Amino acid sequence: MAMKTSDDRFQQRVTKELDNQFMRRAVSSAQERFQTRRLQQAEELGHWEEWRSHGEEIRKHVLANLDYYLYQLSENVAKRGGHVFFAQTAQEATDYIQSIAKKKNAAKIVKSKSMVTEEINLNTALEALGCEVIETDLGEYILQVADHEPPSHIVAPALHKNKEQIRDVFKEKQGYSQTEKPEELALYVREKLRQEYLTADIGITGCNFAIAESGSITLVTNEGNADLVTALPKTQITVMGMERIVPTFEEMEVLVSLLTRSAVGQKLTSYITTLTGVKDEEDTDGPEEFHLVIVDNGRSAILGSEFQPILQCIRCAACVNACPVYRHVGGHTYGSIYSGPVGVVLSPLLGGYDDFKELPYASTLCGACTDACPVKIPLHQLIHRHRQVIVENEGKAPISEKLLMKAFGLGASSPTLYKMATKIAAPAMSPFTKNKTISKGPGPLKAWTEARDFPAPSKDSFRDWMKHRTKGGGQ
Amino acid sequence: MTGMIQRRETFLANIAKQLGRSPKTELPRPTWQYQPQDRVLKDATKDELVEILIKQCANIHTNIVISNTATLPEDLQDVVDKYGGQSVITWKDKRFQDYGLSALMNEQWPQANIQLYEWDSQQPEENIRQAEKANIGVTISEMTLAESGTAVLFSSKDRGRSISFLPEKSIIIIPKSTIVPRMTQAARWISEKIRQGEKIASCINFVTGPSNSADIEMILIVGVHGPIQATYIVIDDQ
């Protein structure tokens with residue numbers, strides 16, 4: 001699957017997805033759970049704003065010195081017996097990986113979840129060689145068996161499918177005969193994939209953070225699939241976007257702490273694994289051969305531009321989970337593997353305005369994404385900047401914002417956005433609230449609260465209050 | 001053997017050009033303006049950290065047993081029984097002997113028909129075959145993170161990576177002396193080793209409970225590709 005996931009026009013996708021009742025319920029409930037857990041974890045950790053600022057300074061420093069750290073990384077990978085290939089384009093990356101697959105006579109390849117391999121359309125390239133490519137992340141495996149459906153969420157790719165649909169996919173494609181209980185479905189996949197890990201010729205992973213000082217790569221998962229993908233096959237290939245790097249283990253730790261809290265509301269996920277080079281000489285598991293493929297594919301053009309902050313992204317999807325537009329239209333509407341606010345900013349930059357010029361209008365510019373971002377990317381400002389660039393280039397907006405908001409159900413005629421925004425405001429503000437006033441507001445409130453206290457949002461929104469009042473005393 | 005590096009020069013030159021300068025070959029270690037990680041559990045005593053670890057285990061679906069060197073064999077036996085016995089795979093690690101487990105592992109288990117397989121660097125294929133069919137894998141934590149309930153495992157020729165992933169059940173022995181507040185201390189420790197020129201383990205696992213997923217309707221499933229159940233046994237080794 002490449003960046004672009006649909007040939008339908010943007011408006012058609014909006015209409016289609018707004019009709020998908022299961023998806024819409026699933027998305028709004030998922031957003032609420034992700035958000036609640038993230039806020040709980042942030043509060044429990046304490047000093048969240050300081051953590052965000054630290055995350056931001058690390059990411060900014062790395063981007064400003066990216067060539068230095070990539071140099072150091074590649075030297076250290078080579079010292080530990082790994083090969084490093086710098087790929088300017090998606091084509092160069094897939095050509096190189098194809099050449100390894102050919103050299104190894106690879107029949108079967110297992111993969112753990114990786115957005116960048118989706119971006120460069122790696123599976124198609126390997127399948128063209130006749131390799132069987134198996135995704136091992138539970139959500140991605142489901143989508144692969146379901147005739148390669150595109151992911152609808154960066155962290156939870158199969159969010160749009162319910163358990164009955166998943167059961168039917170396995171039944172139809174693989175003769176699965178058990179129930180739709182998630183535990184049974186997972187156990188079925190566990191047993192099915194076990195044999196695949198053990199017999200695969202190559203394991204392919206993405207990379208959450210490469211560590212320059214040691215030449216290590218860090219993988220963050222809950223399922224344990226990435227560990228089996230890297231422990232069992234004789235050859236390991238890791239593909240990383242060139243910006244996914246930190247100076248040392250110490251910065252890796254900070255970003256992992258931000259990532260797991262922001263992505264899934266966990267202090268750490270079940271498995272954080274750092275892998276360094278090939279296995280040691282006498283080790284009996286781990287790869288004998290290791291290739292690190294560092295991918296540019298349009299990223300360097302973002303460096304030095306006003307969009308550079310998007311390269312700070314650590315792919316946690318906190319912005320996706322906070323976005324009122326994503327809530328209404330779901331992931332597939334974006335027509336890109338990167339959905340939600342990060343997708344709105346990144347897709348036109350990596351995939352071009354031609355395919356993605358409507359995306360910057362899939363936003364209310366409310367700034368919820370910016371407030372949620374653990375590394376302080378000014379997402380809504382970047383989205384706004386995209387609109388300006390598009391209008392400068394085309395002389396007009398490609399789509400009527402007013403009509404779009406109406407289609408999303410976010411116009412003045414609908415109180416949905418209003419209701420959600422005000423309900424989120426109270427819990428979102430709580431870390432900063434003391435005695436019902438806000439003393440250290442995030443984002444847009446900051447300048448104001450530096451000078452004075454801002455009254456805290458009431459736990460009951462005005463509409464809720466009116467409703468109770470009317471119910472209680474009015475009749 | 002040193003690996004190959006391909007197409008680096010033009011790639012990095014392009015990055016430097018985009019950043020509006022010439023390529024950087026030297027850089028002092030950055031000084032950060034913020035360091036929030038040092039404050040977490042800063043003043044907690046070892047016993048308080050154990051309490052935090054116990055509480056966190058409830059959040060990560062992990063059973064925790066507080067033991068000591070005297071009762072460890074008995075406590076380990078209990079957990080193995082609870083997990084249905086059958087077959088156990090362990091690292092080849094002198095610490096099992098130091099913790100007084102030799103009699104249990106080498107005498108009692110064979111008598112009770114519990115198969116023990118010890119990782120053997122001479123037998124690569126047999127190791128995987130045994131790990132795949134073993135019911136229980138037993139490993140030892142090098143450093144243990146109280147905040148998140150995480151054990152840190154270092155691979156080596158005698159400490160296979162697969163032991164904590166392939167068996168359905170995982171038991172990790174946690175020497176009390178290894179408990180620290182959070183991942184910050186582990187990261188610093190490893191970073192320090194690297195600065196001293198030490199070769200770090202090719203695989204470092206930060207393991208936090210059994211494997212899990214919420215990929216189906218956001219419903220939590222405990223036990224996916226890795227272990228389905230996990231127990232930590234804390235021993236007082238000080």
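Residues numbered from 1 in each chain as written. Chains lettered and ligands numbered in written order. Predicted model: local features only at pLDDT ≥ 70, side-chain atom pairs only at ≥ 80, totals over all residues. Heavy atoms only, no water.

Engineer: Explain the sheet that holds strand S5 (residues 136-140) of chain B here, please?
Structural biologist: Sheet strands line up and pair through hydrogen bonds in the backbone, either parallel or antiparallel. Residues and elements named next belong to chain B. Strand order in the open sheet made by the 6 strands is S2-S13-S8-S5-S3-S4, with parallel pairing throughout. Taken across any chain shown, the strands that pair with only one partner, and hence form the sheet edges, are strand S2 (63-68) and strand S4 (115-118). In this sheet, neighbouring strand axes are inclined to one another by 20° on average, regardless of whether the strands run parallel or antiparallel. Strand direction decides the pairing type here: strand S3 (residues 87-90) and S4, joined by 4 bridges, are parallel. Looking at the pairing, Thr-90 lines up with Glu-118 of S4. Here helix H2 (residues 46-59) sits on the sheet in contact with S2 and strand S13 (229-236), set at roughly 150° to S2. Contacting S3 and S4, helix H6 (residues 124-133) runs over the sheet at an angle of about 140° to S4. (Pairing = 2+ DSSP bridges. Helix = DSSP H or I, 4+ residues; strand = E, 2+ residues; numbered from the N terminus. Axes fitted to C-alpha atoms, helices over the stretch in contact; angles between N-to-C directions. Contact = heavy atoms within 4.5 Å.)

Engineer: Even after reading the chapter, I still don't get H6(B), so can you show me in this structure?
Structural biologist: Because an α-helix packs 3.6 residues into every turn, residues spaced three or four apart end up facing the same way. Listing the buried residues of H6(B) in full gives B:Asn127, B:Ile128, B:Gln130 and B:Ala131. Summarising the axial view, the buried residues of H6(B) lie within an arc of 165°, below the 170-degree limit, and thus occupy one face. On the buried face of H6(B), the contacting elements are helix H10 (182-199) of chain A together with S3 and S4 of chain B. (Buried < 20%, exposed > 50% of the residue type's maximum accessible area, 1.4 Å probe, protein only. Arc of directions from axis to C-beta.)

Engineer: How should I be thinking about the UniProt feature "domain: LUD" (unreviewed entry) in chain B in this particular structure?
Structural biologist: Per the UniProt record, "domain: LUD" (unreviewed entry) is found at residues 51-235 of chain B. In the segment residues 51-235 of chain B, helix accounts for 31% and strand for 28%; the C-alpha atoms at its two ends are 14 Å apart. (UniProt positions renumbered as here; feature names shortened; annotations may be inferred.)

Engineer: Please explain the pattern of salt bridges as it appears in this structure.
Structural biologist: When the charged atoms of two side chains lie near each other, side chains of opposite charge can form a pair. The tally for this structure, following the rule as stated, stands at 47 salt bridges over all chains. The closest approach of N and O atoms between A:Glu32 and A:Arg327, which form a salt bridge, is 2.7 Å. Taken as a pair, A:Glu32 in helix H2 (residues 21-45) and A:Arg327 in helix H15 (residues 324-329) lie far apart in primary sequence, 295 residues in all. On the basis of relative accessibility, which here comes to 47%, the residue A:Glu32 falls in the partly exposed class. A salt bridge links B:Glu198 to B:Lys193, with the nearest nitrogen and oxygen atoms 3.3 Å apart. One connected set of salt bridges, linked through shared partners, spans A:Glu250, B:Asp38, B:Arg188, B:Glu192 and B:Arg195. (Salt bridge = Lys/Arg side-chain N within 4 Å of Asp/Glu carboxyl O.)

Engineer: Looking at this structure, I do not really get the interface of chain B and chain A. What am I missing?
Structural biologist: Interfaces are often sized by the accessible area lost when the parts come together. Chain B puts 90 residues into the contact, and the matching count from chain A is 116 residues. Of the roughly 8,500 Å² buried at the junction of chain B and chain A (both faces included), carbon and sulfur atoms supply 57%. Ranking the residues of chain B by area buried against chain A places B:Phe11, B:Met218 and B:His225 at the top, with a combined share of 11%. Taken together, chain B and chain A are joined by 12 salt bridges. (Buried area = accessible area lost by both parts, 1.4 Å probe.)

Engineer: In this structure, what is going on with helix H4 (residues 66-79) of chain A? I would like to understand it.
Structural biologist: The first and last C-alpha atoms of H4(A) sit 20 Å apart over 14 residues, in line with the 20 Å expected at 1.5 Å per residue. Among all positions in H4(A), only A:Leu66, A:Asp67, A:Tyr68, A:Tyr69, A:Leu70, A:Leu73, A:Ser74, A:Asn76, A:Val77 and A:Ala78 are buried. (Expected span 1.5 Å × (residues − 1).)

Engineer: I'm lost on unusual backbone geometry in this one. Help?
Structural biologist: Glycine aside, a negative phi is what most residues show, and trans is what most peptide bonds show. Residues and elements named next belong to chain A. Phi is positive for Asp-147, which is not a glycine, with a value near 55°. Along the chain, Asp-147 falls in the loop between helix H8 (138-145) and helix H9 (163-174). Residue classification places Asp-147 among the exposed positions, given a relative accessible area of 55%.

Engineer: What's the story with the pairing of strand S7 (residues 235-241) of chain A in this structure? I'm lost.
Structural biologist: The side chains of a regular strand alternate, residue by residue, between the two faces of the sheet. Residues and elements named next belong to chain A. Extensive coverage of S7 is indicated by the burial of 7 of its 7 residues. By the alternation rule, side chains of S7 split into Thr-235, Ile-237, Val-239 and Gly-241 and Gln-236, Thr-238 and Met-240, which are all buried. Across 4 bridges, strand S4 (residues 202-205) lies against S7 in parallel orientation. Paired with Gly-203 across the two strands is Gln-236, which belongs to S7. By the bridge criterion, 7 bridges tie S7 to strand S10 (residues 289-295) in an arrangement that is parallel.

Engineer: I'm lost on the packing of aromatic side chains in this one. Help?
Structural biologist: For any pair of aromatic rings, geometry is given as the distance between the ring centres together with the angle between the planes. According to the stated counting rule, one finds 10 aromatic pairs over all chains in the structure shown. On the numbers, 4.8 Å between centres and 50° between planes, the contact of A:Tyr271 with B:Phe165 is tilted. Separated into two different chains, A:Tyr271 in strand S9 (residues 271-276) and B:Phe165 in the loop between strand S7 (150-154) and strand S8 (169-175) make up a pair that spans both. Side by side, A:Tyr271 and B:Phe165 carry an identical accessibility label, which is buried. Members of the aromatic cluster, joined through ring pairs, are A:Tyr141, A:Phe170, A:Tyr176 and A:Tyr188. (Phe/Tyr/Trp six-rings, centres within 6.5 Å; stacked < 30°, edge-to-face > 60°.)

Engineer: Can you help me understand the packing of helix H16 (residues 340-351) of chain A against helix H19 (residues 379-394) of chain A in this one?
Structural biologist: Angle between the axes and distance between the axes: these two values describe a pair of packed helices. Residues and elements named next belong to chain A. Two numbers describe how H16 lies on H19: the axes approach to 9 Å, and their chain directions differ by 40°. With respect to each other, H16 and H19 are oriented oblique. The handedness of the crossing between H16 and H19 is left-handed. Mapping the contact onto sequence places Pro-341, Val-342, Val-344, Val-345, Pro-348 and Leu-349 in H16 and Leu-379, Leu-382, Ile-383 and His-386 in H19. (Parallel < 35°, antiparallel > 145°, perpendicular 65-115°, else oblique. Left-handed = near helix turned anticlockwise from the far one by under 90°.)

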